[in-house]
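One letter stands for each residue in the lines below.
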Amino acid sequence: MKLAFFLLALMSFLGFSSCSSSKHESRSESISSKGNTVTVSLKSNPTTGFSWSCEIQDANIAKVNSESYSQDKAPKGLVGVGGLQTFVLKCTGKGKTAVKFTYRRPWEGGETDTVRNAELTVDEKLHGTFAFIDED
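Keep in mind the model is a prediction, meaning the values are calculated, not measured.

**Q** Just to check I follow, could you spell out the sheet that holds strand β3 (residues 51-56) for this structure?
**A** By way of backbone hydrogen bonds, the strands of a sheet pair with one another, either parallel or antiparallel. Strand order in the open sheet made by the 4 strands is β3-β6-β7-β8, with antiparallel pairing throughout. Sheet topology places β3 and β8 (128-132) at the edges, where each strand pairs with a single neighbour. Averaged over neighbouring strand pairs, the angle between their axes works out to 25° when direction is ignored. As paired strands, β3 and strand β6 (residues 95-104) are joined by 6 bridges and run antiparallel to one another. In the sheet register, S53 faces β6, and the bridge partner there is T102.

**Q** Looking at this model, I keep getting lost on the environment of E29. Mind explaining?
**A** Topologically, E29 is positioned in strand β1 (residues 29-34). Exposure remark for E29: the relative accessible area of 34% places this residue in the partly exposed category. Taking C-alpha positions, E29 is 9.5 Å from T86, a pair spaced 57 residues apart along the chain. Apart from residues no more than four positions distant in its own chain, E29 is found in contact with S41, L42, R116 and F132. Of the polar contacts made by the side chain of E29, one reaches the side chain of R116; its length is 2.8 Å.

Rules used throughout
One numbering rule holds for all chains: residues counted from 1, following each sequence as written. Reporting in this predicted model follows two pLDDT cut-offs: at least 70 for local features of residues, and 80 or more for side-chain atom pairs to be given and counted; totals over whole chains, interfaces and linings ignore these cut-offs and use all residues. To get the side-chain values, all heavy atoms of the structure are used, and hydrogens and water are removed first. In this description, strands pair whenever DSSP reports at least two bridges between them. A helix here means a DSSP run of H or I that spans at least four residues, while a strand means a run of E at least two residues long, and both kinds are numbered starting from the N terminus. Here an angle of 0 to 180 degrees is reported between the N-to-C directions of two axes, which are lines fitted to C-alpha atoms, with helices fitted over the stretch in contact. Per-residue accessibility, obtained with a 1.4 Å probe over protein chains only, is compared with the maximum for each type, and a residue is labelled buried under 20%, exposed over 50%, and partly exposed between these values. Contacts are assigned to residue pairs that have any heavy atoms within 4.5 Å of one another. What qualifies as a polar contact is a pair of N or O atoms within 3.5 Å, subject to a donor-acceptor requirement within protein and to the restriction that residues adjacent in sequence count only when both atoms come from side chains.

Coordinates in, geometry out; function isn't part of it.
Structure (structure tokens):
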């Protein structure tokens, strides 16, 4: 009986805690470079109204070539599942530029949760080196 009560309490807690926060809860990213592109993937959950935006300070050095979202695998019928939002940055000129990612609700007056600052360095062969430079 005690075990059943404990499991019920644990499931209730986990269920409520997974629904209680609409903000970006964990920092996780993936960065890769290939040719003249740099791909940056960030954890996201658009079902909360939040999504990432990407601003590149110097458009002569790089531009956002594409942006996409892929949901994590989940059991059929499960809603509110997060995933990865991916930006492909195309290197267009030699130099160094700031890149800013903002996780926010994009509508007017929307709430900002997280800002991640990064630096992109592009060499003469248009190969990019990307690094996040802050902790939030």
